[in-house]
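Working through the structure, step by step
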Amino acid sequence: MQSRINDHFAAAEQAVKRISESKDPDLELEDFLVFPLISRTKDMVEYARELEEDRESIFASLVSS
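Because the structure is predicted, anything quoted here is derived from the model rather than measured. Every chain is numbered independently, its residues counted from 1 as its sequence is written. A pLDDT threshold of at least 70 governs which residues receive local features in this predicted model, and a stricter bar of 80 or more applies before side-chain atom pairs are shown or counted, although totals over entire chains, interfaces and linings include all residues. Computation of side-chain values covers all heavy atoms of the structure but excludes hydrogens and water.

1. Things to note about the packing of helix H1 (residues 2-20) against helix H2 (residues 29-63)
Packing of H1 against H2 leaves a shortest axis separation of 9 Å and a crossing angle of 145°. Both H1 and H2 take part in a crossing whose hand is left-handed. Here Arg 4, Ile 5, His 8, Phe 9, Ala 11, Ala 12, Ala 15, Arg 18 and Ile 19 of H1 come into contact with H2, specifically with Glu 30, Asp 31, Val 34, Phe 35, Leu 37, Arg 40, Thr 41, Met 44 and Val 45. Three categories are distinguished: nonpolar for Ala, Val, Leu, Ile, Met, Phe, Trp, Tyr, Cys and Pro, charged for Asp, Glu, Lys and Arg, and polar for the others, with Gly belonging to the last. Counted by class, the contact of H1 with H2 contains 11 nonpolar, 2 polar and 5 charged residues. Lines fitted to the C-alpha atoms define the axes, with helices restricted to the stretch that makes contact. Angles between their N-to-C directions range from 0 to 180 degrees. The way it works is that DSSP assigns letters per residue, a run of H or I at least four long becomes a helix, a run of E at least two long becomes a strand, and they are numbered from the N terminus. Should the near helix be turned counterclockwise from the far one by less than a right angle, the crossing is left-handed, whereas a clockwise turn marks it as right-handed. In what follows, residue pairs with any heavy atoms lying within 4.5 Å of each other are defined as contacts.

2. Here's the deal with H1
Between its first and last C-alpha atoms H1 spans 27 Å; for 19 residues at 1.5 Å apiece the expected length is 27 Å, and the two agree. A simple rule labels every residue: compare its accessible area, found with a 1.4 Å probe on the protein chains alone, to the largest value its type can have, and call it buried under 20%, exposed over 50%, or partly exposed in between. Here H1 has its buried residues at Ile 5, His 8, Ala 12 and Ala 15. Summarising the axial view, the buried residues of H1 lie within an arc of 95°, below the 170-degree limit, and thus occupy one face. Residues of H1 that are exposed and point over 90 degrees away from its buried face: Gln 2 and Glu 13. On the buried face of H1, the contacting elements are H2. Between the first and last residue of a helix there are one fewer steps than residues, each counted as 1.5 Å, and that sum is the expected span. The arc in question is the one traced by the directions running from the helix axis out to the C-beta atoms.

Next comes the structure, spelled out in structure tokens:
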């Protein structure tokens, strides 16, 4: 999961860099396809948080014993 999140952020950073560094950027389809990755990445991060909360809840009874 962490690797996929890192890949998504790297792709977004590259697209933003290409767009911001040029007055007349030579945009590619790849530059536009990165934007849906932002939403997917946020969803993955939220899912990971939920899994962590579930894990903590499951193991809380073992720690307090």
